[in-house]
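The lines below spell out each chain.
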Amino acid sequence: MSHAENHGQMAEAGTMHVMKDPTCGCCGAWIALAREEGYDIEVTDVDNIMSVKAENGVPDDMIACHTATIDGYVVEGHMPFEAIEQLLEQRPNVAGISVPGMPFGSPGMGNDPTARYDVVAFGGEAGAGEIFFQVGL
């Protein structure tokens, strides 16, 4: 995976707050990759991760492993960092983006450069969900 080229954009976005189950190893792997990419990360272990998802408006069909927030957006699951960069650059009128489930090959889930999966936007102009970013296509 290539490192983000626009570290200034990440610094302007501020700290990414990641909420996860205390025993989740794949979440820890994603957090480590996010730090390597240059994100300032604050981690909160929570016993009821589903309540975090509900509080942040993550639709049931877009639930994934961990939930993060950055600069007013929700980032759900094993998100490719290119999608976060696009979100922060374009600033669409959406609540957040999600990689539903836990696709093999996504960051923290094997990091396979040949993996194919979708990043889905939700809330705001995206309504119940629309493709925001595609990986491997």
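A short tour of the structure in this document, coming up. Bear in mind the structure is a predicted one, so any value in this text is a computation, not a measurement.

Glancing now at the pairing of strand E2 (residues 41-45). For strand E1 (residues 16-20) and E2, the ladder comprises five bridges, and the chain directions are parallel. The residue of E2 that forms the bridge with Met19 is Thr44. Taking the sense of rotation as the criterion, the β-α-β connection linking E1, helix H2 (residues 25-36) and E2 turns out right-handed.

In this section: the nonpolar core. Generally speaking, a soluble globular protein has its nonpolar side chains buried in company with each other. In this structure, Met16, Trp30, Met79, Ile84 and Ile97 are the most contacted members of the largest nonpolar core, which totals 29 residues. Looking at this core, the elements with two or more residues in it are E1, H2, strand E3 (67-70), strand E4 (73-76), helix H4 (81-90), strand E6 (117-122) and strand E7 (130-135). Examining the composition of this core, we find that five residues originate from one element, H4, more than from any other. If sequence neighbours within four positions are ignored, Met79 has contacts with Trp30, Ile84, Ile97, Ser98, Val99, Pro107 and Val119.

This part takes up the environment of Pro113. Its place among the elements puts Pro113 in the loop between strand E5 (96-98) and E6. For the pair Pro113 and Val135, spaced 22 residues apart in sequence, the C-alpha separation works out to 8.9 Å.

One pass over the structure, following the stated rule, counts zero disulfides. Left without a disulfide partner, Cys26 is nearest to the cysteine sulfur of Cys24, which lies 3.4 Å away. Cys27 takes part in no disulfide bond, and the closest cysteine sulfur to it belongs to Cys24, at a distance of 3.1 Å. Given the relative accessible area of 1%, Cys27 is considered buried.

Our next topic: the side chain of Lys20. Among the secondary structure elements, Lys20 is positioned in strand E1. For Lys20, a relative accessible area of 8% gives the class buried. Apart from residues lying up to four places away in sequence, Lys20 is in contact with Cys27, Ile31, Val43, Thr44, Asp45, Val46, Ile49 and His66.

One pass over the full model with this rule turns up two aromatic pairs. Note on Trp30 and Phe81: the rings are 5.4 Å apart at their centroids and 25° apart in plane angle, and the pair reads as stacked. Of this pair, Trp30 sits in helix H2 while Phe81 sits in helix H4, placing them 51 residues apart in sequence. The burial state of Trp30 is the same as that of Phe81; both residues are buried. Residues Tyr39 and Phe81 carry aromatic rings whose centres are separated by 6.0 Å and whose planes lie at 35° to one another, so their mutual orientation is tilted. Of this pair, Tyr39 sits in the loop between H2 and E2 while Phe81 sits in helix H4, and the two are 42 residues apart along the sequence. Ring pairing ties together the aromatic residues Trp30, Tyr39 and Phe81, which thus form one cluster.

What counts and how
Residues numbered from 1 in each chain as written. Predicted model: local features only at pLDDT ≥ 70, side-chain atom pairs only at ≥ 80, totals over all residues. Heavy atoms only, no water. Pairing = 2+ DSSP bridges. Helix = DSSP H or I, 4+ residues; strand = E, 2+ residues; numbered from the N terminus. Right-handed = clockwise from strand over helix to strand, strands pointing away. Core = buried A, V, L, I, M, F, W, Y, C linked by side-chain atoms within 4.5 Å. Buried < 20%, exposed > 50% of the residue type's maximum accessible area, 1.4 Å probe, protein only. Contact = heavy atoms within 4.5 Å. Disulfide = S-S within 2.5 Å. Phe/Tyr/Trp six-rings, centres within 6.5 Å; stacked < 30°, edge-to-face > 60°.

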